Amino acid sequence: MHCSKHYNRQGFLIIEFLRNQGYVTIYEGEEIAMFGCEFSAASFSAELYNYFDIQLPDSLARAVASRQAEFLAGRFCARSALRKVCGDVESVPIGPHRSPVWPVGVVASISHTRSSAVCVAGSKDNLKYLGVDIAAWMTQSVAQEVSDKVVNPAEAALLATLGCSFERALTLAFSAKESLFKALYPDVGSYFGFEAAEITSVSLSAGSFELTLTQNLASELSAGASFAGVFSIEASAIRTLLFVTQQ
């Protein structure tokens, strides 16, 4: 009887916490595994770490429940995406600057909002850079507050031509630059700001964008280098993906 009650509680917690989980196709033609989920931070319980056999890092032991929920959802997505690339993976530990430590031979990226998480993964034999980001839509007031930090005047002028609200266009630019950062960070090895790249083209109909570096970031990442990405629009967020294949 005790076991039955335990099972029912765990099952109830999972159903309440995780929503709409599964593999996602955002781009056809490359061997990229993407797994996403929606989750309810209000329904989070620390018991779920034990159920999913995911370790809560010491650095988050005293974090608020919502932060622990985000981490759990992100690592759940990471393990699911990695299974498509390299089989079962026990854990994805935290490395320097709190970045994930991925298995040898794998390139991957993870992102989350307060209610959704996503991870992409692929083989380093196929992919040189890979970054993903999911960002909740900015409100008009937030967009006005952070605009100067995210885009320069030329980029703002480009976003104004897209035919959508400026806050939506700015959220796209923000997320695209976040995907670029996550893709390049492993090679750069240090933080760089939004000003290090400029969004130079966007196609809402094709769901694509292009970014160009404005600074030298590493020996193979010089100013003028361009990177193409794709995006998908959701009701509460935008998801961007940027990758470069091996030559």
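Our structure is the block above this text.
Starting from 1, residues in each chain are numbered consecutively following that chain's sequence as written. Given that this is a predicted model, residues contribute local features only at a pLDDT of at least 70 and side-chain atom pairs are listed and counted only at 80 or more, while totals for whole chains, interfaces and linings are drawn from all residues. Calculated side-chain values reflect all of the structure's heavy atoms, with hydrogen atoms and water omitted.

### Points about the pairing of strand E7 (residues 208–213)
- Relative to E7, strand E6 (residues 197–203) is paired through six bridges, and the arrangement is antiparallel. Among the inter-strand pairings, Val-202 is bridged to a residue of E7, identified as Phe-209.
- Following E6, the chain reverses through four residues before pairing antiparallel with E7; Gly-207 in that reversal takes a positive phi of roughly 65°. Here, any two strands with at least 2 DSSP bridges between them count as paired. Under the scheme used here, helices are H or I runs from DSSP no shorter than 4 residues and strands are E runs no shorter than 2 residues, and both carry numbers assigned from the N terminus.

### A few points about the pairing of strand E9 (residues 237–245)
- A simple rule labels every residue: compare its accessible area, found with a 1.4 Å probe on the protein chains alone, to the largest value its type can have, and call it buried under 20%, exposed over 50%, or partly exposed in between. Of all the nine residues making up E9, eight are buried; the element is thus mostly covered by neighbouring parts of the structure.
- In this structure, strand E5 (residues 127–136) lies alongside E9, joined through nine bridges in antiparallel fashion. Residue Asp-133 lies in a different strand from E9, and its bridge partner there is Thr-240.
- Sheet topology note: the strand E8 (residues 226–233)/E9 ladder contains five bridges and is antiparallel.

### So, the sheet that holds strand E2 (residues 33–39)
- Reading across the sheet, the four strands line up as E1-E2-E4-E3 and stay open at both edges, with antiparallel pairing between neighbours. Looking at the sheet topology across the chains shown, the edges are occupied by strand E1 (18–23) and strand E3 (106–112). Each adjacent strand pair in this sheet contributes to an overall mean axis angle of 10°, direction not counted.
- Here E3 runs beside strand E4 (residues 116–123); their pairing, made up of seven bridges, is antiparallel. Residue His-112 lies in a different strand from E4, and its bridge partner there is Ala-117.
- By definition, residues are in contact when any of their heavy atoms lie within 4.5 Å. In this analysis an axis means a line fitted to C-alpha atoms, helices contributing only their contacting stretch, and an angle means the value between N-to-C directions, from 0 to 180 degrees. In this fold helix H3 (residues 65–86) packs onto E1, E2, E3 and E4, with an angle of close to 155° to the strand it touches most, E2.

### Section: the layout of surface pockets
- Residues are called lining when one of their atoms sits within 4 Å of a cavity or pocket point, these points coming from a 1 Å grid over the protein atoms alone, where a cavity is a set in which a 1.4 Å probe fits but cannot get out and a pocket is an open set with protein on both sides within 12 Å along at least five of seven lines. Grid points are joined across faces, edges and corners, and a volume is the space filled by probe spheres set on the points. In this structure, the second largest pocket encloses a volume near 190 Å³.
- Along the walls of the second largest pocket sit Ile-54, Gln-55, Pro-57, Phe-71, Arg-75, Arg-79, Val-89, Glu-90, Ser-91, Val-92, Pro-93 and Ile-94, which together make up its complete lining.
- For the lining of the second largest pocket, the residue count by class is seven nonpolar, two polar and three charged. Gly is placed with the polar residues, together with every amino acid not listed as nonpolar (Ala, Val, Leu, Ile, Met, Phe, Trp, Tyr, Cys and Pro) or charged (Asp, Glu, Lys and Arg).

### Remarks on the nonpolar core
- Working definition of a nonpolar core: buried Ala, Val, Leu, Ile, Met, Phe, Trp, Tyr and Cys residues. They are joined through side-chain atoms within 4.5 Å. Ranked by internal contacts, the top residues of the largest apolar core, which has 35 residues, are Leu-180, Leu-184, Phe-209, Leu-213, Leu-217, Leu-221 and Phe-227.
- Those elements that provide at least two residues to this core are E5, helix H4 (140–150), helix H6 (166–188), E6, E7, E8 and E9.
- With 11 residues, the single largest contributor to this core is H6.
- Once you skip the residues sitting within four places of it in the chain, Phe-209 turns out to touch Ala-176, Ile-199, Ser-201, Val-202, Phe-227, Ala-228, Gly-229, Val-230, Phe-231, Thr-240, Leu-241 and Leu-242.
- Grouped together as the second largest cluster of nonpolar side chains are 30 residues, Cys-37, Phe-52, Ala-69 and Ala-108 included.

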